[in-house]
Amino acid sequence: MSADTAAPAALTADAAVVGAGPAGLAAALELARAGLDVLLLDEQAEPGGQYYRRPGPEVLDAVGDHRPEGGRLVARVRAAGVRVLSGHTVWGVDDDRRTLLAASPGGAAVRVRARWVVAATGAYERSVPFPGWQLPGVVTPGLAQHMSAEGVRLGRRAVVAGSGPFLLPVACALLERGVRVVAVAEAGRPYTPGPASLGALRFPARLAELASYAARLARHGVRVHQDTVVARAHGADRVEAVTLTRFSDPERVVARHGVDLLCVGYGFRPQADLPRLLGCAVDRDPATGDTVPRLTPTGRSSVPHVYVVGEAAGAAGAPTALARGRAAALDILASSGRAPDRGERRRLAVHLASLAGFTRLTAALYPAPAELVPALARRLPGPTLVCRCECVTADAVRAAAAAEGGSDVPAVKGGTRAGMGLCQARECGPALEALRAGGPGTGTVPARVPLRPLPLAAVLELADTPGEDV
Amino acid sequence: MNAYDAVIVGAGVLGAATALELAEAGLSVLVLERGAPNREGSGTTAGNLHIQAVHTRRPGQAVPLDSEALLPAQKAADGLWALAEERLDADLEVRRNGGFMVAETAEQRRELRTKHVWERRAGLRTELLDGDAARDALPLLGPTVTAATWCPHDGYANPLKAAPAYLAAARRLGARVEAFTPVTGLERRGPAWRVRTPRGRHDTPVVVNTAGPWISDVSALAGVDMRMSPVAIQMHVTVRERPVLHHLVQHIGEGMSVKQVTAGNLLLGGGWPARRMDLDGRSSAGVAGLTGNVAQAVRILPFLARLRLLRMWAGPLAATPDEMPVIGPVPGREGLYVAGGTYAFTFAPLWGETLARMIRGERPRIDVSAFAPDRLTAPAGDADPAAPAHTEKGTAPC
Ligand SMILES: Cc1cc2nc3c(=O)[nH]c(=O)nc-3n(C[C@H](O)[C@H](O)[C@H](O)COP(=O)(O)OP(=O)(O)OC[C@H]3O[C@@H](n4cnc5c(N)ncnc54)[C@H](O)[C@@H]3O)c2cc1C
Ligand SMILES: Cc1cc2nc3c(=O)[nH]c(=O)nc-3n(C[C@H](O)[C@H](O)[C@H](O)COP(=O)(O)OP(=O)(O)OC[C@H]3O[C@@H](n4cnc5c(N)ncnc54)[C@H](O)[C@@H]3O)c2cc1C
């Protein structure tokens, strides 16, 4: 660990991989095995990312490691000679648009220059505001999953709500910790056989996985409400109850449950800020509404030395993240003259294509976020807090968005302070974009430096000649 | 086609303030804005109300600014800012808590003394303090500060609120604002100007060019070569902090301004050049400016080192070759007025009033003949080909 964290101020490598989740680990391993000098930077204390999050020693003693294959992958990455810099946040890109700027755990400034950059920065959870979402006891499914994996029991009675396949394993993880899960509320109707769900039969294994979660929920008497969303969380100092309504008919109350834990999330959206800072072209994904980098099938961006892999390239789950990481690595190896096995690249391409097929089918089961999020945002009651950091209501955002003559997202931010707080629109971004909905001007939240709040002391260290003018 | 008494090009703070003044005088006013209002210089500005004399020259600045000549305007603007919130019936977070201008070197101390004399002459009360007296007054100041001037009038107004409030007040009086409507043509038609946009044209006797960084482009539409150049500079802001700094702190020898805003964030700026100016999109802030600004700010206010940077941004402004403001009628183009240049945010209430008075044939509050546009214009056709129309500059006052 100590070797990981002692970092000189300027580092060079053949490849710098940012993000040590499945995608980054897979890319780093492949590159290092072929003899490239690889740096792997990750802001967390231990490599693993979201899916392979490594348990700390106390957690390991208490609950064990629920994904030991993650530990094995990390061990192989280290054994292959990858220089792993944990606790290192990449917060920006230098004025050359190439050098990565990172801060070490101690706040020391680190410049990283590499021939190739692989952004494997993962995803954010997609949140949509609702009245009461600021109450303690309201969390995202991802957080609930992590805390449960670490043996923490977040509450006694819970509702898990939102949309996407991830809600089922999260409900199961809560059950495992002894939380009584009263209901799962899914905005779509994925679990009713229909043309879309039938297609998934070609992937019995994956379907079986979902089915096994569903069976476990049924055993525990967990109701799965479909076409159902959270209308409101109630409570004074923390969440005490939740009202669920029909998604297709917001006037219709489905249920009201007393809870002390409410997990709400609408899947994942790519964390593509770093590629944007590196100058990579991005597009709006018509199905999700997310801003995604424009990529070749092997993850190469419009900036030829920058690759984007894993969830950062588009949310598709851990197996795809692994495959994308490897595919990008093989592409880099090919373009650096280290001819990797042709057959292997072909097999990987086939594998990726079949994974993409599954991702498409799964996505087809659930409502498209590009429609779901605006629908939910439109029906938000006026006083709902949209931006929790700066306490900005839906009404205020709507008023700014409806400014005479038109308004764009930056103008809405400027006019209300929404998205200008500590999280810098990571949480309210989708809702802001949805509330503004249409019209001229830019409809997206811009990428910003620093990517995370950065100690000014770390900036000072970057200044070569303090006290002198540039 | 619509007829207006006046058409204003640009919905920054100058266009907005002018719109209110003209609407209040009973004129029918149209404001045309190529993007969303208040997104360029006026929405990205540091928002300082610079009332004490400003430093004359920053590193990288080719021409010193005539700081003494600006003082009457600064004093007048101070008086107008004091009334702005009541007049606009809006909370602009105007804070006139005073500010320090610090010096470190002997040369800078000399400059402070000179400036102090100018201020006294202009009737502006400032105090000259040695380093220890300055630290007594503001214990947050670091050990390298050897002198400072204190001006009780320096301040801040929230730029995200100022221009929108002016626009809202103007609208209440009947002014029209069309966003996302660029002016693409200015033609003289008899006694009137024909203002063209992709969404229609308007005839008007009076056109006000408050297009900020695009002043030259808009002037060119009327066949006027106006020697101004756009420059982009950048700002840095920390996460929120409990109230610690109640004054504006500037540096006499270097571009630096630091204050804490109402929301609690500390804002660091001082005219540091942006990494890239992009007049079609967003200019981007760079790391060179960040490190330079933070290094000097932490030297002067060491407590900043323990704060965290939340964000940085860049914005464009219009620089004149002599670093002074420009305001008045454009020679040879009847009914065409222009305002912009140095410290346009501080001067917004004054320039709005001044333009309105000029347009209505009244005498401005202060003599602005030194800032007249004729020093920057050459009639189309006989511009000196040797003189560059757009000077290049690294930094600009802010
Ligand atoms: C909170 C959360 C919980 C999740 N839980 C599950 C789960 O239980 N099961 C599941 O199948 N999927 C889960 N997912 C989805 C998950 O993202 C993918 O399945 C998988 O982890 C994607 O792998 P990845 O390598 O693309 O990204 P990730 O595993 O997310 O790894 C990205 C890594 O990059 C780091 N990083 C990002 N930006 C920077 C930066 N600027 N500087 C330094 N480091 C940076 C992150 O901290 C993270 O460690 C979760 C996602 C989230 C957001
Ligand atoms: C980072 C920064 C910090 C600053 N700090 C300070 C400070 O602390 N104190 C101070 O006094 N000054 C400061 N300034 C300067 C001052 O804020 C700006 O110069 C001032 O706000 C400019 O106002 P404006 O209305 O002239 O121009 P802008 O606000 O730039 O507005 C001009 C508008 O015209 C529009 N436009 C352009 N062309 C056309 C067209 N053809 N048709 C229609 N519309 C058009 C533009 O889109 C724009 O909205 C700073 C500037 C910057 C960028």
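Residues numbered from 1 in each chain as written. Chains lettered and ligands numbered in written order. Predicted model: local features only at pLDDT ≥ 70, side-chain atom pairs only at ≥ 80, totals over all residues. Heavy atoms only, no water.

For chain B, the name recorded in an unreviewed UniProt entry is FAD-binding oxidoreductase, with Nocardiopsis changdeensis as its organism.

As recorded in an unreviewed UniProt entry, chain A goes by FAD-dependent oxidoreductase and comes from Nocardiopsis changdeensis.

### Remarks on unusual backbone geometry
This is how the line gets drawn: Each helix is a run of H or I in the DSSP string that is no shorter than four residues. Each strand is a run of E no shorter than two, and both are numbered from the N terminus.
Here the residue pair Val449(A) and Pro450(A) is connected by a cis peptide bond, since its omega of 0° sits within 30 degrees of zero. We note that Asp227(A) has phi near 50°; this positive angle belongs to a residue other than glycine. Inspection of the secondary structure puts Asp227(A) in the loop between strand S11 (223–225) and strand S12 (228–234). Phi is positive for Asn38(B), close to 60°, though the residue is something other than glycine. Along the polypeptide, Asn38(B) turns up in the loop between strand S3 (29–32) and helix H2 (41–44).

### Describing the state of the cysteines
Structurally, a disulfide amounts to a covalent bond that connects the sulfur atoms of two cysteines. All names here are of chain A. The cut-off we apply is this: Defined by distance alone, a disulfide is two cysteine sulfur atoms within 2.5 Å. Each residue's exposure class comes from its accessible area (1.4 Å probe, protein chains only) as a fraction of the maximum for that residue type: buried when under 20%, exposed when over 50%, partly exposed otherwise.
Taken as a whole and assessed by the stated rule, the structure comprises zero disulfides over all chains. Not engaged in a disulfide, the cysteine cysteine 428 finds its nearest cysteine sulfur in cysteine 387; these two sulfurs lie 4.5 Å apart. Its relative accessible area of 2% is what places cysteine 428 among the buried residues.

### Considerations on the site of ligand 1
Residues and elements named next belong to chain A. The cut-off we apply is this: Any residue with a heavy atom positioned within 4 Å of a molecule or strand is treated as near that molecule or strand. In the analysis that follows, any N or O atom pair within 3.5 Å is treated as a polar contact, provided that within protein one partner can donate a hydrogen and the other can accept it, and provided that, for residues neighboring in sequence, both atoms belong to side chains. Put simply, Ala, Val, Leu, Ile, Met, Phe, Trp, Tyr, Cys and Pro go in the nonpolar bin, Asp, Glu, Lys and Arg in the charged bin, and everything else, Gly too, in the polar bin.
Around ligand 1, the surrounding shell holds 34 residues, and the nearest of these are Asp42, Glu43, Gln50, Val90 and Glu311. One nitrogen or oxygen atom from the main chain of glutamine 50 is found 2.8 Å from an oxygen atom belonging to ligand 1. The set of elements that each furnish at least two residues to the shell around ligand 1 consists of helix H2 (22–33), strand S4 (89–93), strand S7 (123–125), helix H5 (141–149) and helix H10 (318–335). The greatest single-element share of the shell around ligand 1, amounting to three residues, is contributed by H5. Residues belonging to the shell around ligand 1 are distributed by class as follows: 13 nonpolar, 15 polar and six charged.

### Describing the site of ligand 2
Residues and elements named next belong to chain B. The cut-off we apply is this: We get accessible surface area from the Shrake-Rupley algorithm with a probe of 1.4 Å; when it comes to residues, only the shown protein chains can shield them.
Taken together, 36 residues sit near ligand 2, with Glu33, Ser42, Thr45, Val183 and Thr346 positioned nearest. Between ligand 2 and the protein, one listed contact pairs an oxygen atom with a backbone N or O atom of leucine 14 at 3.0 Å. A distance of 2.5 Å is found between an oxygen atom of ligand 2 and a side-chain nitrogen or oxygen belonging to glutamate 33. In isolation ligand 2 offers 1,000 Å² of accessible surface; the protein chains occlude 97% of this area. Partitioning the shell around ligand 2 into residue classes produces 20 nonpolar, 13 polar and three charged.

### Description of the packing of helix H3 (residues 67–88) of chain B against helix H4 (residues 106–121) of chain B
Residue and element names in this part refer to chain B. What counts is decided by this rule: As a rule, the C-alpha atoms of each element are fitted with a line to give its axis, helices using only the stretch in contact, and angles between N-to-C directions run from 0 to 180 degrees. Geometric relationships in this document are graded by angle, where less than 35 degrees denotes roughly parallel, more than 145 denotes roughly antiparallel, 65 to 115 denotes roughly perpendicular, and other angles denote oblique. When the near helix sits turned anticlockwise from the far one by under a right angle, the crossing is termed left-handed; a clockwise turn instead gives a right-handed crossing. Should any heavy atoms of two residues lie within 4.5 Å, those residues are counted as being in contact.
The interhelical angle for the contact between H3 and H4, taken along N-to-C directions, is 40°, at an axis separation of 10 Å. Taken together, the axes of H3 and H4 lie oblique to each other. Between H3 and H4 lies a crossing whose hand is right-handed. Here H3 contributes Ser67, Glu68 and Leu71 to the contact with H4, which in turn contributes Trp118, Glu119 and Arg121. A class-by-class count of the residues in the contact of H3 with H4 yields two nonpolar, one polar and three charged.

### Here's the deal with the interface of chain B and chain A
Filter applied, for reference: Once two parts are joined, some of their accessible surface, as seen by a 1.4 Å probe, is lost; buried area is that loss totalled over both. Any Lys or Arg side-chain nitrogen found within 4 Å of a carboxyl oxygen on Asp or Glu counts as a salt bridge.
In this assembly, 37 residues from chain B lie in contact with 41 residues from chain A. For the pair chain B and chain A, the summed buried surface comes to about 3,300 Å²; carbon and sulfur atoms form 61% of the total. Looking only at chain B, the three residues that lose the most surface to chain A are Phe180(B), Leu310(B) and Arg311(B), adding up to 18% of its buried area. For the pair chain B and chain A, the number of links is one salt bridge. Salt-bridge contacts for Glu390(A) lead to Arg240(B); the nearest nitrogen and oxygen are separated by 2.6 Å. If you look at where chain B meets chain A, you find nine residue pairs in polar contact (both at pLDDT 80 or more). For the side of chain B that touches chain A, the element with the highest residue contribution is helix H8 (residues 287–300) of chain B, accounting for ten residues.

### Focus on the packing of aromatic side chains
Residues and elements named next belong to chain A. Rules: Two rings from Phe, Tyr or Trp (for Trp, the six-membered ring) form a pair when their centres are within 6.5 Å of each other. A pair whose planes differ by under 30 degrees is stacked, one over 60 is edge-to-face, and the rest are tilted. In this analysis the charged atom, NZ for Lys or CZ for Arg, is taken to sit over a ring once it is within 6 Å of the ring centre and within 35 degrees of the ring normal.
Scanning the model with the defined rule gives seven aromatic pairs over all chains in all. Geometrically, the ring pair formed by tyrosine 191 and tyrosine 366 is edge-to-face, given 6.1 Å between the ring centres and 80° between the ring planes. One end of the pair, tyrosine 191, is in the loop between strand S10 (180–186) and helix H7 (195–199); the other, tyrosine 366, is in the loop between helix H11 (342–365) and helix H12 (369–378), with 175 residues separating them in the sequence. Positioned above the aromatic ring of tryptophan 116 is the side chain of arginine 115, whose terminal nitrogen or guanidinium carbon lies 4.3 Å from the ring centre. Across the ring face of tryptophan 133, the terminal group of arginine 388 is positioned such that the distance to the ring centre comes to 3.7 Å.

### Considerations on the pairing of strand S1 (residues 10–18) of chain A
Along any regular strand the residues' side chains alternate between the sheet's two faces. All names here are of chain A. Applied cut-off: Two strands are said to pair when DSSP picks up at least two bridges between them. Consider the strands pointing away from the viewer: the crossover is right-handed when the path from the first strand over the helix to the second runs clockwise.
With eight bridges joining them, S1 and strand S6 (residues 109–119) adopt parallel strand pairing. By the bridge assignment for S6, alanine 13 is matched with alanine 114. As defined by bridge partners, S1 adjoins strand S2 (residues 38–42) across four bridges and the pair is classed as parallel. Residue alanine 16 lies in a different strand from S2, and its bridge partner there is leucine 39. For the crossover from S1 across H2 to S2, the handedness is right-handed.

### Some thoughts on empty space enclosed by the protein
Short version of the rule: A cavity here means a set of 1 Å grid points, computed over protein atoms only, where a 1.4 Å probe fits but cannot escape. A pocket is an open set with protein on both sides within 12 Å along at least 5 of 7 lines, and lining residues have an atom within 4 Å of a point. Grid points are joined across faces, edges and corners, and a volume is the space filled by probe spheres set on the points.
Summed over the entire model, instances satisfying the criterion amount to two cavities of 30 Å³ or more. Put simply, the largest cavity is a space of about 50 Å³. Lining the largest cavity, in full, are Arg95(B), Asn97(B), Gly98(B), Asp154(B), Gly155(B), Tyr156(B), His246(B), His247(B), Leu248(B) and Lys259(B). There is about 40 Å³ of room inside the second largest cavity. Lining the second largest cavity are Glu125(A), Pro141(A), Ser163(A), Phe166(A), Leu167(A), Gly265(A), Tyr266(A), Gly267(A) and Phe268(A). Taken together, the residues of the lining of the second largest cavity break down into five nonpolar, three polar and one charged.

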